[in-house]
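Residues per chain, in single letters:
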Amino acid sequence: MNLSAWYGFTAEGLWRNKPLPPKETGILIDDRFLPNRFGILAALRALEAWNGIVILDFERPHEGLLSNFAKSLSGKRLVLPPAYADLTCDAVLVGPWRAECDFPGWLSSQRERFGHVVLDAAPLRVQCRPGGCRIPWTKPLPERGYPCPCLGCLHLRLPDGSILFWDTEQTFLARLNKAGNPLILFLSDLDALPDVSTLS
């Protein structure tokens, strides 16, 4: 899916009034800042003639003004997050996958739950602690790791007993190729993937 830059609202709740891209692309609108009613009205005016795909990448809990905004976009080619999946849309934005189970099983369960889905295709970088607690890994990655055939990534046991799972460019692209699903992928995520060798 060919996306343009992020759109959304300012810290003051107003629409970030950037020029819209060509109609054959899509736009992604985030909820980093909540809109006020003036921001919503300006956004609806800006998008009135827009015929491209609109992805609402909302990560906050279901919220009144954002819900009204999503409802007002009915009739457009709309992709909504799971919290808004009860509204009319073309697909639901799912992911990123965090190695909760094997990737094909996880994606299949998302399709069963929501029907048409668009995958938020972020690379895997997660630390699994005893008891199943998963947290995003933000530190530098190890230089080498062991292949994890079940999850299709690399893994390494850390000194505290937890296990780190992460993607290389090869593992990430192999998973996306097998998905056979529309997805959004930020090239900066792909460019940041490490060139990690495996331990035998």
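Residues numbered from 1 in each chain as written. Predicted model: local features only at pLDDT ≥ 70, side-chain atom pairs only at ≥ 80, totals over all residues. Heavy atoms only, no water.

J.: Just to check I follow, could you spell out empty space enclosed by the protein for this structure?
T.: Over the atoms, a rolling probe the size of a water molecule traces out where space has been left empty. Counting across every chain of the model gives 1 cavity of 30 Å³ or more. Put simply, the largest cavity is a space of about 50 Å³. Lining the largest cavity are Pro 96, Trp 97, Phe 103, Leu 119, Asp 120, Ala 121, Ala 122, Phe 172, Arg 175 and Leu 176. The set of elements that each furnish at least two residues to the lining of the largest cavity consists of strand S6 (117-120) and helix H4 (169-179). For the lining of the largest cavity, the element with the most residues is H4, which contributes 3 residues. Counted by class, the lining of the largest cavity contains 8 nonpolar, no polar and 2 charged residues. (1 Å grid on protein atoms, 1.4 Å probe; cavity = no way out; pocket = protein on both sides within 12 Å on 5 of 7 lines; lining within 4 Å. Points joined across faces, edges and corners; volume = space filled by probe spheres on them. Helix = DSSP H or I, 4+ residues; strand = E, 2+ residues; numbered from the N terminus. Nonpolar A, V, L, I, M, F, W, Y, C, P; charged D, E, K, R; others polar.)

J.: Is there a simple way to explain the layout of surface pockets in this structure?
T.: In this structure, the largest pocket encloses a volume near 530 Å³. Forming the walls of the largest pocket are 24 residues, and the residues nearest its centre are Pro 96, Arg 98, Ala 122, Pro 123 and Asp 189. By residue class, the composition of the lining of the largest pocket is 13 nonpolar, 1 polar and 10 charged.

J.: Explain unusual backbone geometry to me, please; I cannot follow it from the model alone.
T.: Both trends apply: most residues other than glycine have a negative phi, and most peptide bonds are in trans. With an omega of 0°, the peptide bond running from Gly 95 to Pro 96 counts as cis. As for its placement among the helices and strands, Pro 96 is situated in the loop between strand S5 (91-94) and helix H3 (103-114). The backbone of Ala 99 sits at a positive phi, close to 65°, despite the residue not being glycine. For Ala 99, the position within the fold is in the loop between S5 and H3. When its relative accessible area of 2% is taken as the criterion, Ala 99 is described as buried. (Buried < 20%, exposed > 50% of the residue type's maximum accessible area, 1.4 Å probe, protein only.)

J.: Can you walk me through the environment of Leu 28 in this structure?
T.: Within the element layout of this structure, Leu 28 appears in strand S2 (residues 26-30). For Leu 28, a relative accessible area of 0% translates into the label buried. Each C-alpha atom, one on Leu 28 and one on Pro 142, is 32 Å from the other, the two residues being 114 residues apart in sequence.

J.: Even after reading the chapter, I still don't get the pattern of salt bridges, so can you show me in this structure?
T.: Once their charged atoms are close, side chains differing in charge can pair, the charge on each being opposite to the other. Under the defined criterion, the tally for this structure stands at 2 salt bridges. Measuring nitrogen to oxygen at the nearest pair gives 3.5 Å for the salt bridge that ties Arg 16 to Asp 30. Of the two residues, Arg 16 is situated in the loop between strand S1 (3-7) and S2 and Asp 30 in strand S2; the sequence distance between them amounts to 14 residues. A relative accessible area of 12% places Asp 30 in the buried class. Asp 167 is paired through a salt bridge with Arg 175; the nearest N and O atoms lie 2.2 Å apart. (Salt bridge = Lys/Arg side-chain N within 4 Å of Asp/Glu carboxyl O.)

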